[in-house]
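Descriptive analysis of the structure
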Amino acid sequence: MGKITIAIDGYSSTGKSTVARQLAEWLGYVYVDSGAMYRAVTLYAMRKGIISEEKFDKAALIDSLPDIALEFRKNSENKAEIHLNGENVEKQIRTLEVSEYVSPIATVPEVRRKLVALQHTMGEDKGVVMDGRDIGTVVFPKAELKIFMNASARVRAERRFKELNERGDEITFNEVLENVNERDQIDTTREDSPLRKAEDAIEIDNTETNIEDQFHIILQLAQDRIAGRVK
Ligand code: DC
């Protein structure tokens with residue numbers, strides 16, 4: 001049976017990665033978390049002092065791009081983790097600080113070009129589930145299945161707050177809500193590849209429903225396309 005490409009886009013904390021990871025596992029596909037790639041570039045820029053509260057030196061970031069090597073490697077539980085220049089940074093990229101700087105970093109066209117080229121390589125053999133903001137619109141416009149996930153900003157911030165809290169991060173709910181709103185604003189209004197629903201994407205809103213329940217709906221959509229029941 002032929003393999004397909006599955007693009008899962010949507011706002012932050014809508015459960016994209018949970019669904020995408022489960023789907024890839026179920027189908028025996030490769031899962032690619034494209035947000036982790038933007039986060040790793042952000043971590044690099046923070047460590048080099050390229051981005052901070054005081055400044056964002058875009059020219060320095062563009063100059064540094066050839067020095068940034070990204071790679072996903074499987075851990076002992078078979079879960080792909082991102083490596084920045086050989087270092088596993090899967091945990092370091094999930095902090096609120098990285099979340100605060102990642103959207104401005106993701107507006108830079110040169111950064112996007114580099115990461116999109118890498119994403120094309122990762123998906124060239126199909127059999128891939130990739131989640132992000134521009135996967136169905138820019139990276140794989142011909143993907144056989146495109147899902148666009150949404151939920152209210154409050155519900156998304158509650159989920160994110162719970163996650164960060166469980167990890168022991170000391171943050172307030174309002175800080176998380178503010179970050180969610182700010183990222184939505186930057187991600188949807190940037191000039192290069194803004195977050196928007198592809199015309200042929202299927203929209204799924206999980207403000208009221210459990211993300212787990214949605215998995216079965218999305219799995220069915222994927223299986224219909226793999227079997228050729230739906231074009
Ligand atoms: O999915 P995430 O929250 O980890 O993504 C982090 C940020 O990266 C998000 O705010 C916007 C950016 N991003 C992007 O611009 N394009 C993608 N394909 C994935 C993420």
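Figured I'd write up the structure that's included with this text. Quick caveat: nothing in here was measured; it's all calculated off a predicted structure.

Focus: the packing of aromatic side chains
Taken as a whole and judged by the stated rule, the model has 3 aromatic pairs. Between the aromatic rings of Tyr 11 and Phe 148, the centroid separation amounts to 6.1 Å while the plane-to-plane angle is 80°, which identifies the pairing as edge-to-face. Of this pair, Tyr 11 sits in the loop between strand S1 (5-10) and helix H1 (16-27) while Phe 148 sits in strand S7 (residues 145-150); the two residues are 137 residues apart in sequence, bridging distant segments of the chain. Exposure remark for Tyr 11: the relative accessible area of 19% places this residue in the buried category. Look at Trp 26 and Phe 215: their rings are 6.2 Å apart centre to centre, the planes differ by 70°, and that puts the pair in the edge-to-face class. With Trp 26 in helix H1 and Phe 215 in helix H9 (residues 211-226), this pair connects stretches of sequence that are 189 residues apart. A residue is classified by how much of its surface remains accessible, and Trp 26, at 55% relative accessible area, is exposed.

What about the sheet that holds strand S5 (residues 87-88)?
Backbone-to-backbone hydrogen bonds pair the strands of a sheet. The strands run either parallel or antiparallel. Strand order in the open sheet formed by 3 strands is S3-S4-S5, and the pairing between neighbours is antiparallel. This sheet does not close on itself; its edge strands, each paired only once, are strand S3 (70-74) and S5. One ladder, built from 2 bridges, connects strand S4 (residues 80-84) with S5; its direction is antiparallel. By the bridge assignment for S5, His 83 is matched with Asn 88.

With respect to the pattern of salt bridges
The final tally for this structure, using the stated rule, is 14 salt bridges. With a closest N to O distance of 3.0 Å, Asp 200 and Lys 146 form a salt bridge. Taken as a pair, Asp 200 in the loop between helix H8 (173-189) and strand S8 (202-205) and Lys 146 in strand S7 lie far apart in primary sequence, 54 residues in all. Judged by its relative accessible area of 6%, Lys 146 falls in the buried class. One salt-bridge network, held together by shared partners, links Asp 33, Glu 90 and Arg 94.

Some remarks on the sheet that holds S7
Across the sheet, which stays open at both edges, the 5 strands sit in the order S2-S6-S1-S7-S8 with parallel pairing between neighbours. Where the open sheet ends on each side, the last strands, each with one partner, are strand S2 (30-33) and S8. Recorded for the sheet is a direction-independent mean angle of 20° between the axes of neighbouring strands. Where S1 and S7 come together, 5 bridges link them in parallel fashion.

Regarding the packing of helix H4 (residues 96-105) against H8
Two elements in contact, H4 and H8, have axes separated by 9 Å at closest approach and are oriented at 15°. One way to sum up the angle between H4 and H8 is to call them roughly parallel. The two elements H4 and H8 cross, and the hand of that crossing is left-handed. Contacts between H4 and H8 involve Leu 96, Ser 99, Glu 100, Val 102, Ser 103 and Pro 104 from the former and Glu 175, Asn 179, Arg 183, Ile 186 and Asp 187 from the latter. The class makeup of the residues in the contact of H4 with H8 is 4 nonpolar, 3 polar and 4 charged.

Overview of helix H5 (residues 109-123)
The terminal C-alpha atoms of H5, which comprises 15 residues, lie 21 Å apart, in line with the 21 Å expected from a rise of 1.5 Å per residue. Considered for burial, the residues of H5 that qualify are Val 111, Arg 112, Leu 115, Val 116, Gln 119 and Gly 123. Here the buried residues of H5 occupy an arc of 120° about the axis, which is enough to place them on one side. Along its buried surface, H5 packs onto helix H2 (34-47), helix H3 (58-64), S3, H4, strand S6 (128-132) and helix H6 (135-139).

With respect to the site of the ligand
The environment of the ligand is made up of 15 residues, and the closest members are Arg 39, Arg 112, Asp 134, Arg 183 and Arg 190. Here a nitrogen atom of the ligand and a side-chain polar atom of Ser 34 are 3.0 Å apart. A distance of 3.2 Å separates an oxygen atom of the ligand from a polar atom in the side chain of Ser 103. In the complex, the protein chains occlude 95% of the 450 Å² of accessible area that the ligand would expose alone. Of all the secondary-structure elements, those providing two or more residues to the shell around the ligand are H2, H4 and H8. With 4 residues, the top contributor of residues to the shell around the ligand is H2.

Criteria and thresholds
- Residues numbered from 1 in each chain as written.
- Predicted model: local features only at pLDDT ≥ 70, side-chain atom pairs only at ≥ 80, totals over all residues.
- Heavy atoms only, no water.
- Phe/Tyr/Trp six-rings, centres within 6.5 Å; stacked < 30°, edge-to-face > 60°.
- Helix = DSSP H or I, 4+ residues; strand = E, 2+ residues; numbered from the N terminus.
- Buried < 20%, exposed > 50% of the residue type's maximum accessible area, 1.4 Å probe, protein only.
- Pairing = 2+ DSSP bridges.
- Salt bridge = Lys/Arg side-chain N within 4 Å of Asp/Glu carboxyl O.
- Axes fitted to C-alpha atoms, helices over the stretch in contact; angles between N-to-C directions.
- Parallel < 35°, antiparallel > 145°, perpendicular 65-115°, else oblique.
- Left-handed = near helix turned anticlockwise from the far one by under 90°.
- Contact = heavy atoms within 4.5 Å.
- Nonpolar A, V, L, I, M, F, W, Y, C, P; charged D, E, K, R; others polar.
- Expected span 1.5 Å × (residues − 1).
- Arc of directions from axis to C-beta.
- Near = heavy atom within 4 Å.
- Polar contact = N/O pair within 3.5 Å; in protein donor to acceptor, adjacent residues only side chain to side chain.
- Areas by Shrake-Rupley, 256 points an atom, 1.4 Å probe, with all protein chains shown as cover.

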